[in-house]
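# Notes for the structure review
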Amino acid sequence: MTTPESTAPATAAKTTQIVATDTSETAVPAASKPLDDQTPTPVAAQGAGSPVATRPAPIKTTKPVPPRATRTPVATTQTPRRAPTPDPDFADLPPAMSPQALIGLLLGAILGAFAAVVVLPTWLPGLSASLLGAEPKAYWYLARSSAMVAYALLWLSMVFGLLMTNRLARLWPGGPVAFDLHQHTSLLGLAFAIFHGLILLGDTYIQASLWQLLLPFGYQGFAPFWVGLGQLALYGLALVGLSFYVKDRIGRAMWRLIHFLSFLVFIFALIHGIWSGSDSSNGMISGFYWLSGGTILFLTVYRVLVSRQAKRPEKSKQATPVL
């Protein structure tokens, strides 16, 4: 017969054996666990006789990068679009043609016209009928051809100027190149326009004096009003072309205001060519008038629309109250 005192040691020994067995089965080496799962156990929660597991020192890394899904996009501020204005870098460029070259060009046109009037009849006596006859066609041909060249150069000058202000010149042919071509075509057109007017002095059929050619609406022969518009276009073209050389003295605002006269100069030249030109009924010449006028109209409307569209974000931003 057993007593409680005799069974107590055996029960305690069995319990100790079971606890030791469970501890050995469930213990996992610290090296086999992941670093993130090794959380230190407080000493108070462990038994007095149980060993304390030491956590290895954390590995120092750089600043953690959050996952792609949790990253917050950086707020970007959009700058308002501005109206297309001439690039300041283009406006600050020096004139494409030196003053000496310009003076030589204009003097060449003037002296060439006077030489054609005075020298050609002497050097080419075989052309006396065409030069000095009742209907001298040589001067008329020179006047017509120089007029078409001057108008074509004026048209190209307008095209390059509008491309430059619309920022389309960055695609072709490039901003500085377009600015140089704009100046060159304008000044060359001025030289051919001067030659076109002065060569008519040799045409005895027109019978225009130098004063009548220089004074706007001073000629009273064929189509005096349309001829007067052409004379105004000549002086306007001279004002716009020479403004390249005085833009630093007159200021940027006045220089741009003078350049706005280019539209009026082109309109006057177009009307002058249609109503006073003898080749307006020609299919090729009339087609060129339509092409040039339509091109300038399209580029001008495009410039106005882009300017208005660029100003809308600025107005809406100014109207928004700041809290």
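Here the residue numbering is sequential within each chain, running from 1 through the sequence in written order. Side-chain atom pairs in this predicted model are given and counted only at pLDDT of 80 or more, local residue features only at pLDDT of at least 70, and totals for whole chains, interfaces and linings cover all residues. Water and hydrogen atoms play no part in the side-chain values, which are based on all heavy atoms of the structure.

The next subject is the overall build of the protein. Secondary structure elements are defined from DSSP: runs of H or I of at least 4 residues count as helices, runs of E of at least 2 residues count as strands, and each element is numbered from the N terminus. Within the protein, the secondary structure is distributed over 13 helices and zero strands. Note on exposure labels: buried denotes an accessible area under 20% of the residue type's maximum, exposed denotes more than 50%, and partly exposed covers the range between, all computed with a 1.4 Å probe on protein chains only. In the protein, which comprises 323 residues, the share counted as buried stands at 31%. Contacts are assigned to residue pairs that have any heavy atoms within 4.5 Å of one another. A separation threshold of at least 6 residues defines the contact pool for the protein, and within that pool the share at least 24 residues apart is 70%. In short, Shrake-Rupley with a 1.4 Å probe defines the accessible areas, and a residue's cover is counted only from the protein chains shown. Accessible surface, the protein: about 21600 Å² in total, of which carbon and sulfur atoms supply 68%.

Surface patches are defined over residues having more than 30% relative accessible area and no salt bridge, joining like charges when they lie within 9 Å and nonpolar side chains (Val, Leu, Ile, Met, Phe, Trp, Tyr) when within 5 Å. By salt bridge we mean one thing: a side-chain nitrogen of Lys or Arg within 4 Å of a carboxyl oxygen of Asp or Glu. Nonpolar side chains collect at one region of the surface, where Val246, Ile250, Met254, Leu257 and Phe260 lie side by side and expose about 430 Å² of accessible area between them. Summarising the element assignment, Phe260 is placed in the loop between helix 11 (252-259) and helix 12 (261-276). Take Phe260: its relative accessible area is 48%, and that puts it in the partly exposed class.

A few words now on unusual backbone geometry. The phi dihedral of Phe217 falls on the positive side, at around 65°, and the residue is not glycine. Here Phe217 lies in the loop between helix 8 (210-214) and helix 9 (224-242). The residue Ala223 is not glycine, and still its phi comes out positive at about 50°. Relative to the elements of secondary structure, Ala223 occurs in the loop between helix 8 and helix 9. Since its relative accessible area comes to 17%, Ala223 is described here as buried.

This brings us to helix 3 (residues 99-118). The end-to-end C-alpha separation of helix 3 is 28 Å, in line with the 28 Å expected for 20 residues at 1.5 Å each. Taken residue by residue, helix 3 has Leu102, Leu106, Ala109, Ala113 and Ala116 as its buried positions. Projected onto a plane normal to the axis of helix 3, the buried residues spread over an arc of 105° and lie on a single side. Exposed and oriented more than 90 degrees from the buried face of helix 3 are Gln100, Ile103, Leu111 and Val118. Helix span is expected to be 1.5 Å times the residue number reduced by one. By construction, the arc corresponds to the directions joining the helix axis to the C-beta atoms.

The end-to-end C-alpha separation of helix 12 is 22 Å, in line with the 22 Å expected for 16 residues at 1.5 Å each. Buried within helix 12 we find Ser262, Val265, Phe266, Ala269, Leu270, His272, Gly273 and Ser276.

Time to look at the pattern of salt bridges. Taken as a whole and judged by the stated rule, the model has one salt bridge. Its salt-bridge partner being Arg144, residue Asp279 comes within 2.6 Å of it at the nearest N-O pair. Taken as a pair, Asp279 in the loop between helix 12 and helix 13 (283-319) and Arg144 in helix 6 (residues 137-165) lie far apart in primary sequence, 135 residues in all.

Right, let's get into the environment of Leu201. When you line up the elements, Leu201 lands in the loop between helix 7 (175-198) and helix 8. C-alpha of Leu201 to C-alpha of Val118: the two residues are 83 residues apart in sequence and 9.9 Å apart in space. With residues up to four places along the chain from it excluded, the contact list for Leu201 reads Phe114, Val117, Ala208, Ser209, Leu210 and Leu213.

Interaxial angles span 0 to 180 degrees and are taken between N-to-C directions of axes, which are lines fitted to C-alpha atoms, for helices over the stretch in contact. Following both chains from N to C, one finds helix 9 and helix 12 inclined at 150°, their axes separated by 8 Å at the closest point. Judged by the inter-axis angle, helix 9 sits roughly antiparallel to helix 12. Of the two possible hands of crossing, helix 9 and helix 12 adopt the one that is left-handed. Contacts from Trp226, Val227, Leu229, Gly230, Leu232, Ala233, Gly236, Leu237, Leu239 and Val240 in helix 9 reach Leu261, Ser262, Val265, Phe268, Ala269, Ile271, His272, Trp275 and Ser276 in helix 12. The labels follow the angle: roughly parallel below 35 degrees, roughly antiparallel above 145, roughly perpendicular from 65 to 115, and oblique for the rest. Take the far helix as the reference: if the near one is turned anticlockwise from it by less than a right angle, the crossing is left-handed, and if turned clockwise, right-handed.

Values of pLDDT, which run from 0 to 100, indicate the predictor's confidence residue by residue. When pLDDT is averaged along the protein, the result is 74, and 59% of the positions lie at 70 or above. Mean pLDDT in the protein bottoms out at helix 1 (residues 4-26), which sits at 45, and peaks at helix 12, which reaches 95. Low confidence marks residues 79-89, where pLDDT is under 50. Its contacts with residues over four positions away, or in another chain, come to 21 contacts.

Let us look at the packing of aromatic side chains. Two aromatic rings, drawn from Phe, Tyr or Trp (for Trp, its six-membered ring), form a pair once their centres lie within 6.5 Å of each other, and the interplanar angle then sorts them: stacked below 30 degrees, edge-to-face above 60, tilted otherwise. Applying the stated criterion to the full structure yields nine aromatic pairs. Arranged with centres 5.7 Å apart and planes meeting at 85°, the rings of Tyr151 and Phe288 form a pair that is edge-to-face. Separated by 137 residues along the polypeptide, Tyr151 in helix 6 and Phe288 in helix 13 bring together distant segments of the chain. With centroids separated by 5.7 Å and ring planes inclined at 90°, the aromatic side chains of Trp155 and Phe288 adopt a geometry described as edge-to-face. Placement of the pair is Trp155 in helix 6 and Phe288 in helix 13, with a sequence separation of 133 residues. Linked through ring pairs, Tyr151, Trp155, Phe266, Phe288 and Tyr289 together constitute an aromatic cluster.

Attention shifts here to the nonpolar core. Buried Ala, Val, Leu, Ile, Met, Phe, Trp, Tyr and Cys residues that are joined via side-chain atoms within 4.5 Å together make up what is termed a nonpolar core. Counting residues in each nonpolar core, the largest one holds 35 residues, and the members touching the most others are Tyr151, Leu154, Phe266 and Ile296. Sorting the residues of this core by element identifies helix 3, helix 6, helix 7, helix 9, helix 12 and helix 13 as the ones contributing at least two each. The element contributing the most residues to this core is helix 6, with nine residues. Those residues in contact with Phe266, other than ones at most four positions away along the chain, are Tyr151, Leu154, Trp155, Met158, Ser292, Gly293 and Ile296. Residues Ile206, Ala208, Leu213 and Val227 belong to the second largest nonpolar core, which totals five residues.

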